[in-house]
Amino acid sequence: MGNSFLGATVFFSIVIPTYNRLPILEKCLRALESQEFSDKTYIEDYEVVLVDDGSTDGTLNWLALHKDEFPHVRCFEQNHAGPAAARNLGVEKAQGDTIIFIDSDLVVLSNFLQAHTNALVQGREKLRSDTSGTQCDRFFTYGAVINTCNFANPTAEPYKITDFSAAFFATGNVAIPKHWLEEAGLFDNGFQLYGWEDLELGVRLKNLGLKLIKCPEAVGYHWHPPFTLQQIPKLIDQEIQRGRMGVLFYQKHPTWEVKMMIQMTWFHRLLWGILSVNGLLNERTMSPFLQWVINIGKPQLALEIARIFLNWYNVKSVYAAYAETKSK
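What this report covers is the structure whose coordinates are included nearby.

About the cut-offs
- Residues numbered from 1 in each chain as written.
- Predicted model: local features only at pLDDT ≥ 70, side-chain atom pairs only at ≥ 80, totals over all residues.
- Heavy atoms only, no water.
- Helix = DSSP H or I, 4+ residues; strand = E, 2+ residues; numbered from the N terminus.
- Rg over C-alpha atoms; globule rule 2.2 N^0.38 Å.
- Buried < 20%, exposed > 50% of the residue type's maximum accessible area, 1.4 Å probe, protein only.
- Contact = heavy atoms within 4.5 Å.
- Areas by Shrake-Rupley, 256 points an atom, 1.4 Å probe, with all protein chains shown as cover.
- Lys, Arg positive; Asp, Glu negative; His and termini not counted.
- Charge placed at Lys NZ, Arg CZ, Asp CG, Glu CD.
- Expected span 1.5 Å × (residues − 1).
- Bend = angle between axes of the 7 residues up to and from the residue.
- Phe/Tyr/Trp six-rings, centres within 6.5 Å; stacked < 30°, edge-to-face > 60°.
- Lys NZ or Arg CZ within 6 Å of the ring centre and 35° of its normal.
- Pairing = 2+ DSSP bridges.
- Axes fitted to C-alpha atoms, helices over the stretch in contact; angles between N-to-C directions.
- Parallel < 35°, antiparallel > 145°, perpendicular 65-115°, else oblique.
- Left-handed = near helix turned anticlockwise from the far one by under 90°.
- Nonpolar A, V, L, I, M, F, W, Y, C, P; charged D, E, K, R; others polar.

Let's talk about the overall build of the protein chain
Across its full length, the protein chain holds 11 helices and 8 strands. Relative to its length of 328 residues, the protein chain is compact, with a C-alpha radius of gyration of 20 Å against a globular reference of 20 Å. Principal-axis analysis of the C-alpha atoms gives the protein chain an extent of 60 × 45 × 35 Å. Taken over 328 residues, the protein chain has a buried fraction of 52%. Long-range contacts, defined here as pairs at least 24 residues apart, represent 81% of the contacts in the protein chain between residues at least 6 apart. Total accessible area on the protein chain is roughly 15,400 Å²; 56% of this is exposed by carbon and sulfur atoms. In the protein chain, which carries 30 positive and 35 negative side-chain charges, the distance between the mean positions of the two groups comes to 8 Å.

This is the structure we're talking about:
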């Protein structure tokens, strides 16, 4: 394999944590085995480093039975410890010089690796000319993520305005030299609940001077089941967890930028307080309307409307968790 991305070729390690997502994981892995290359000049090879985070849905048994169908996959397992620990194990086991992070519910196009390669090569050449040849791998490429609830054909989903992300670094679809992850210290295993572990690492990568290069041709389709009212308790719990992890994020990086990201400002408190009428618009009072929107075939719209009270739960959780830290 290449010595580093500064070398002539790149060896990709695609690191994927998974937890009880077998049906969509199969589509994810089959898409990665179906990669096509229009120019392999800069690609040496690739592997898929799958880390099972204590699944109970038969993921490991299924992989063992079908291992011959996935020659690029190397599988590791750990007790359930969350995606941060799983990704760290994946990076530790990775043989490649360049890490690609995707999630196990992401289905990519056949040109996915070629697109990331093209962007990496172009970025390397640009930084080489800008920096007189020094540190020309101080960047990462960030592909596009399109959300879909179409399980049968996830890659048929068009891009929507709600798919836009302003994140600097997120693990949905990103390629980065392995040594920068190691220098930054990998993911913080303290993020054991839902949310923020990737964006927190992004702050440390930005502090190391890494730049973001967009790679819209490397498209991944992030599947989730169509929204139903039965999902609401889990979504509320995720928002509460995200609030608590947001405070951990802020404790590590007490900046205004992070406060804005985690919604710990009076603006967010006022905004979602007004929109939810101080919590009067909630999962109970809005359920009939949300069900009507679902019944007319608009589950994604219903989810976006539900974010009115989901964000209110998040903001309340942020302030409650922050109050707990101040009282200790």
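Here's the deal with helix α11 (residues 299–327)
Between the first and last C-alpha of α11 there are 41 Å, a value that for 29 residues agrees with the 42 Å anticipated at 1.5 Å per step. The largest bend in α11 amounts to roughly 40 degrees and is located at Ile308.

Describing the packing of aromatic side chains
The final tally for this structure, using the stated rule, is 10 aromatic pairs. On the numbers, 5.7 Å between centres and 40 degrees between planes, the contact of Trp196 with Phe249 is tilted. Taken together, the residues Trp196 in the loop between α5 (178–184) and α6 (197–207) and Phe249 in helix α7 (residues 232–252) connect sequence positions 53 residues apart. Each member of the pair Trp196 and Phe249 is classed as buried. Seen in terms of ring centroids, Trp266 and Tyr319 are 6.3 Å apart; in terms of plane orientation they differ by 45 degrees. Their pairing is tilted. Taken together, the residues span a long stretch of sequence, with Trp266 in helix α9 (residues 266–275) and Tyr319 in helix α11 at a distance of 53 residues. Taking the relative accessible area as the measure of exposure, Tyr319 reaches 17% and is therefore buried. Each member of the aromatic cluster is reached from another via a ring pair, and the members are Phe140, Phe168 and Phe169. In this structure, Lys206 is placed above the aromatic ring of Phe168, and the distance from its NZ or CZ to the ring centre is 4.7 Å. One Lys or Arg, Lys316, reaches over the ring of Tyr313 and ends 5.1 Å from the middle of that ring.

Concerning the pairing of strand β6 (residues 139–148)
Sheet faces and side chains relate simply in a regular strand, where the side chains alternate between the two faces. By the criterion of burial, β6 is predominantly enclosed, with 7 of the 10 residues buried. Sheet topology note: the β6/strand β8 (residues 211–223) ladder contains 10 bridges and is parallel. Bridge pairing links Gly143 to Cys215 in β8. Note that β6 and strand β7 (residues 173–177) share 2 bridges and pair antiparallel. Looking at the pairing, Tyr142 lines up with Val174 of β7.

Things to note about the packing of α9 against α11
Interhelical geometry of α9 versus α11 gives an angle of 140 degrees and a closest axis separation of 9 Å. Taken together, the axes of α9 and α11 lie oblique to each other. Judged by the twist between their axes, the crossing of α9 over α11 is left-handed. Where α9 abuts α11, its residues Trp266, His268, Arg269, Trp272, Gly273 and Leu275 lie against Arg307, Ile308, Asn311, Trp312, Val315 and Tyr319. The residue inventory of the contact of α9 with α11, partitioned by class, reads 7 nonpolar, 3 polar and 2 charged.

Considering the sheet that holds β6
Ordered by their spatial adjacency, 8 strands build an open sheet running β3-β2-β1-β4-β7-β6-β8-β5, and the pairing between neighbours is mixed. Each having just a single partner strand, β3 (73–77) and β5 (106–108) make up the two edges of the open sheet. Pairs of neighbouring strands in the sheet enclose a mean axial angle of 30 degrees, with direction left out of account. For β5 and β8, the ladder comprises 3 bridges, and the chain directions are antiparallel. Residue pairing in the sheet places Val108 in a bridge with Gly220 of β8. Taken strand by strand, helix α1 (residues 22–33) contacts β1 (10–18), β2 (43–52), β3, β4 (98–102), β5 and β8, and its axis lies near 25 degrees from that of β5.

Keep in mind that these numbers describe shape and distance, not what the molecule does.
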